Amino acid sequence: MCGIVGYIGEKQAAPILVEGLRKLEYRGYDSAGIAISGENVTVVKEKGRIDNLQAEIDKVYPVGTIGIGHTRWATHGIPDHINAHPHTSMNGIVTLVHNGIIENYIEIKNELKEKGYVFKSETDTEVIAQLFDNLFNGNPVETMINVASRVEGSYAVAMIVKGFSDRVFTMKKDNPMIIGKGNGENFIASDIPAILPYTKDCYIVKDNDFVELTKDGITVYGLDGKEKEIEINSISMSVDAAQKNGYDYFMEKEIYEQPKAFRDTVSPLIKDGRIVLPFEFPQGFTKKLNRIHIVACGSAYHVGMTAKYIIEDMARIPVIVDIASEFRYRNPILNENDLCIFVSQSGETADTLASLRESKARGAFTMSIVNVLYSTIARESNGVIYTNAGAEIAVATTKALMAQLGVCYVLAAFLAHEKGLMGDDILHQFTDEILAIPEKIERTLTTDDITKEISGYIKDRHSMFFIGRGIDYPLCLEGSLKLKEISYIHSEGYGAGELKHGTISLIENGTAVVAIATDDALLNKMISNIKEVRARGAFVIAVVKEGTKGIHEVADKVIYVPSASRYLMPSITVVPLQLLAYHTTVLKGFDVDKPRNLAKSVTVE
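Predicted, not measured: the structure shown is a model, and the values here were computed from it.

## Considering the overall build of the chain
So, point 1. Looking only at helices and strands, the chain features 18 helices and 27 strands.
So, point 2. Expressed as lengths along the three principal axes of its C-alpha atoms, the size of the chain is roughly 75 × 55 × 45 Å.
So, point 3. Going through the 605 residues of the chain one by one, you find that 60% of them count as buried.
So, point 4. Contacts spanning at least 24 positions in sequence make up 71% of the contacts within the chain whose residues lie at least 6 apart.

Structure below.
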C-alpha cells in the first residue's frame, strides 16, 4: 500500500520522482504528490492517477535536484488533494511523505492543537510532520529519534528539513524502505522497481534506522544516535521484469511467465532426486514435529489451504491454516515442537509479520515462503525459502502464487521422507513429477482461447459460483477471488458438498457455475453436484483433466487440462481460472493490473 520515492543528486528531481511513482502504481493508490527542494520547497499533489499529478507539475515545473514523492492509498481521510502527501508542518520546518499507520495520532494531535498547531488534513501523517516541527532542536536525526519515541504504529517516512537543503532524511519501522546507491546520486523507494533504471546497489533500511542522505553519502543511525555500519546489496531483478514486453497487461505477462517462475523456484531445491532446503531444521525437529500452522492472507492463504491437503495426506502431520489477521488475535496454542509457516509475496504483509513475531515469542520454529529478498518476514524467520518468481507488478497475483505452490510440493515431500513415509525411490519419482510441471503449465496456457470464449458468456453476469471437492476446493476460493477482485463480478467459492446446506438456494436460471473436478476419486460426486445446479438452470463451466469421460453430458462448457499427480494438479488447474478472470476483465473494459480499492502489498492492518 502506498509508494515512496526520493532522489538527491545533480539531475532534475521531478521527472525521476514521477517515473518512480509510475513504477509503484501496482501498490495501489488514489492520490499522488511530490515535493522539490530548490530555493524553497515546492509541493505539487493531486487526487487520482499520476497523469493528473503530471498535469499539475507541467503547470509549475518545480526546479530542484532533491525531492520526495508519494502515492497514497487512503486510510485516514478521504482521497483528495488536501489529504494527499507530501505534508508540510505549520512552521514549514519539515515536508514529508509516509507509508503506514500511526495508531496514537489522535492523542498526539490533540496535544499539538493545545500548543497552537493547526491541522489542514484528516491524515495521521500530518501528525508526524507537526510533531517533528514541535520537537525540532536543530538536529534532524535527533529529532527523528525523538519523534519515533512518541509515535505508535508503523511507518516509513522520507522528509526534507528546512535549513538542510543538501540532504534528505528517512526513518522506518514495520514498513519497507530501500536506499539506492548511485554515482553522485542516491535514491529512496518503498520497492525495488522504482530504482531499477538507475542502480542495482541498495541498502535495505532496518526497523529503527534513521538515515541521512546526501548525493554522495548514506549515513545510518540507530536509536542511540550512533552511526551504524551498513551493507550494500546487489539487486538481481532485471529492468525487463518491470516492463510489459509486448503484453497488453502485466497480469497477462505474468500468467505466461508461470512455467519459468515455477521452474526457477523448485529446481534449486531438488538435487538428483533429493530435496535440499536452503536452511536446516533443529536437530531431530522433523521427527518430533507436532503440527504445522500455515499463516497467510488472500491468495497466499489459498496456497496454505492447498498445502494442508497435501502435507496431511503425504506426511500425516496435522496442519492448521489461518488467516493472518485472525491468527494473531486468537491466542493460538503453540509450542517448541510446532512449525509455523508464513506465506507472503512481498515479505512485508503487516498481519503476517505480526503473526510471525507472535509465533517466535511463543517458541515455535518459524519458516517463511516469500518472493522478495531481504524483506522483513524473510529476515526475521528461522528459515526462509524464496520463490524466484521475479517482480510481480499486477495486483492480482499469478506467478508468485504458482511459485508458492511449488515450494509447498517440495516441502510436503521433504517432510514425508523425513517421517519415513516416502522412500528414496518414491521421492525420486515424485521430484521428477514436480520438475515436469512447467511443461504441463505451458500446455495449459493453450486454454487461452476457450477461456476467452467463455468470458464472453460470463462478463455480464452479476454473480458466479466456483465449486469443487478435496484439493480442488482451495482452487475454487482462488478462482473466485481472482474473478471478483479484478472484474468486480460477485463470486463465491464453495465445497461442492455444501451446496445442499444453503448455497443451492442462490442458483437460478442463467447463474454461472465453474465446477472444478480433477480428482478421480471424487469425480462421480462432482458430476452429481453439477447435475444439481444445472437442474436449477445454472450455466456450468467444467474444468477437468484430459480424457475425463461423461463431462460433456452434464456441463455447458468444458476446459480440459493436462493430467498430473493429484497432489500437483493445483498448479495446472489454477491457470484457466486466472485466464478466465483476465479475459472477463478485459472484455468489461476495466484496468486488469490496478483494480479499484486494492493494493499489491498490504503493509497496514
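## Points about the environment of Ala521
So, point 1. Positionally, Ala521 belongs in the loop between β25 (512–517) and α17 (523–534).
So, point 2. For Ala521, a relative accessible area of 68% corresponds to the exposed category.
So, point 3. When the C-alpha positions of Ala521 and Leu96 are compared, they lie 59 Å apart, and in sequence the two are 425 residues distant.

## Quick word on helix α7 (residues 258–266)
So, point 1. Three or more residues of α7 are buried, namely Gln258, Pro259, Ala261, Phe262, Thr265 and Val266. The buried side chains of α7 occupy one side of the element, clustering within an arc of 165° when seen end-on.

## Details of helix α1 (residues 13–23)
So, point 1. Extensive coverage of α1 is indicated by the burial of 8 of its 11 residues.
So, point 2. Listing the buried residues of α1 in full gives Ala13, Ala14, Ile16, Leu17, Val18, Gly20, Leu21 and Lys23.
So, point 3. On the buried face of α1, the contacting elements are β1 (3–8), β2 (31–37), α2 (50–60), β4 (66–72) and β10 (186–189).

## With respect to the side chain of Lys482
So, point 1. Considering the arrangement of structural elements, one finds Lys482 in helix α16 (residues 472–487).
So, point 2. Among the polar contacts listed, one links the side chain of Lys482 to the side chain of Ser299, at a separation of 3.1 Å.
So, point 3. In terms of polar contacts, Lys482 uses its side chain to reach the side chain of Glu485, at 3.3 Å.
So, point 4. Setting aside residues up to four positions removed in sequence, Lys482 forms contacts with Met251, Ser299, Ala396, Thr397, Thr398 and Ala581.

## Quick word on the sheet that holds β10
So, point 1. What the 8 strands build is an open sheet, ordered β3-β2-β4-β1-β10-β9-β11-β15; its pairing is antiparallel. Of all the strands in the sheet, the pair left with one neighbour each is β3 (41–47) and β15 (233–234).
So, point 2. Note that β2 and β3 share 7 bridges and pair antiparallel. Directly across from Ser31, in β3, lies its bridge partner Lys47.

## A few points about the packing of aromatic side chains
So, point 1. Counted according to the given criterion, the structure contains 17 aromatic pairs.
So, point 2. These aromatic residues form a ring-pair network of at least three members: Phe279, Phe281, Phe285, Phe365 and Phe414.

## Here we look at unusual backbone geometry
So, point 1. Across the junction of His85 and Pro86, the peptide omega takes the value 5°, indicating a cis bond.
So, point 2. Structurally, Pro86 can be placed in the loop between β4 and β5 (87–88).
So, point 3. Phi at Tyr61 takes a positive value of approximately 30°, unusual for a residue other than glycine.
So, point 4. Relative to the helices and strands, Tyr61 is located in the loop between α2 and β4.

## Digging into the state of the cysteines
So, point 1. Going through the model one piece at a time under the given rule, you end up with 0 disulfides.
So, point 2. Note on Cys340: no disulfide assigned, nearest cysteine sulfur contributed by Cys297 at a separation of 15 Å.
So, point 3. Taking the relative accessible area as the measure of exposure, Cys340 reaches 0% and is therefore buried.
So, point 4. With no disulfide of its own, Cys476 has Cys408 as its nearest cysteine by sulfur position, at a separation of 18 Å.
So, point 5. On the accessibility criterion, Cys476 (0% relative accessible area) is buried.

## Observations regarding the sheet that holds strand β27 (residues 557–561)
The pairing of strands in a sheet happens through backbone hydrogen bonds and is either parallel or antiparallel.
So, point 1. Sheet architecture is open: 5 strands sit in the order β24-β23-β25-β26-β27, paired in parallel fashion. Two strands in the sheet have a free side with no partner beyond their single neighbour: β24 (490–495) and β27. Between one strand axis and the next, the sheet turns by 15° as a mean value, whatever way the strands run.
So, point 2. For strand β23 (residues 463–468) and β25, the ladder comprises 5 bridges, and the chain directions are parallel. Across the sheet, Met464 pairs through a bridge with Ala512, a residue of β25.

## Notes on the packing of helix α8 (residues 298–315) against helix α12 (residues 399–418)
So, point 1. Here α8 crosses α12 at 20°, and the two axes come no closer than 9 Å. By the criterion of interaxial angle, the relationship of α8 to α12 is roughly parallel. In the packing of α8 onto α12, the handedness of the crossing is right-handed. On α12, the residues touching Ser299, Ala300, Val303, Thr306, Ala307, Ile310, Ile311, Met314 and Ala315 of α8 are Leu401, Gln404, Leu405, Cys408, Tyr409, Ala412, Ala413, Leu415 and Ala416.
So, point 2. Classifying every residue of the contact of α8 with α12 by side-chain character gives 15 nonpolar, 3 polar and no charged.

## Concerning the side chain of Asn233
So, point 1. One can find Asn233 in strand β15.
So, point 2. If sequence neighbours within four positions are ignored, Asn233 has contacts with Lys200, Asp201, Cys202, Ile204 and Tyr374.

## Remarks on the pattern of salt bridges
Oppositely charged side chains may form a pair once their charged atoms are brought near each other.
So, point 1. This structure, assessed with the given rule, holds 33 salt bridges.
So, point 2. In this structure, the salt-bridge partner of Glu358 is Arg362, at a minimum N-O distance of 2.6 Å.
So, point 3. Here Glu358 falls in the partly exposed class, since its relative accessible area comes to 28%.
So, point 4. On the basis of relative accessibility, which here comes to 30%, the residue Arg362 falls in the partly exposed class.

## A few points about the pairing of β25
So, point 1. Judged by how many residues are buried, β25 sits mostly within the fold: 6 of 6 residues are covered.
So, point 2. Side chains of β25 alternate between two faces, with Ala512, Val514 and Ile516 and Val513, Ala515 and Ala517 buried alike.
So, point 3. Two strands pair when backbone bridges link them, and β25 and strand β26 (residues 539–545) are joined in this way by 6 bridges, in the parallel orientation. Each bridged residue has a counterpart across the sheet, and for Ala515 the counterpart in β26 is Ala542.
So, point 4. Assessed by its sense of winding, the connection that carries the chain from β25 through α17 to β26 is right-handed.

## Looking at the packing of α7 against α12
The relative placement of two packed helices comes down to the angle between their axes together with the axis-to-axis distance.
So, point 1. Between α7 and α12, the least distance of the axes is 8 Å, while the angle of their chain directions is 35°. The handedness of the crossing between α7 and α12 is right-handed. For the pair α7 and α12, the contacting residues are Gln258, Ala261, Phe262, Thr265 and Val266 in the first and Lys399, Met402, Ala403, Gly406, Val407, Tyr409 and Val410 in the second.

## Digging into the environment of Asn134
So, point 1. If you trace the backbone, Asn134 turns up in helix α4 (residues 125–135).
So, point 2. Each C-alpha atom of the pair Asn134 and Gln12 lies 31 Å from the other, and the pair is 122 residues apart in sequence.
So, point 3. Apart from residues no more than four positions distant in its own chain, Asn134 is found in contact with Leu112, Lys115 and Tyr117.
So, point 4. In terms of polar contacts, Asn134 uses its side chain to reach the side chain of Lys115, at 3.4 Å.

The rules behind the values
Residues numbered from 1 in each chain as written. Predicted model: local features only at pLDDT ≥ 70, side-chain atom pairs only at ≥ 80, totals over all residues. Heavy atoms only, no water. Helix = DSSP H or I, 4+ residues; strand = E, 2+ residues; numbered from the N terminus. Buried < 20%, exposed > 50% of the residue type's maximum accessible area, 1.4 Å probe, protein only. Contact = heavy atoms within 4.5 Å. Arc of directions from axis to C-beta. Polar contact = N/O pair within 3.5 Å; in protein donor to acceptor, adjacent residues only side chain to side chain. Pairing = 2+ DSSP bridges. Phe/Tyr/Trp six-rings, centres within 6.5 Å; stacked < 30°, edge-to-face > 60°. Disulfide = S-S within 2.5 Å. Axes fitted to C-alpha atoms, helices over the stretch in contact; angles between N-to-C directions. Parallel < 35°, antiparallel > 145°, perpendicular 65-115°, else oblique. Left-handed = near helix turned anticlockwise from the far one by under 90°. Nonpolar A, V, L, I, M, F, W, Y, C, P; charged D, E, K, R; others polar. Salt bridge = Lys/Arg side-chain N within 4 Å of Asp/Glu carboxyl O. Right-handed = clockwise from strand over helix to strand, strands pointing away.

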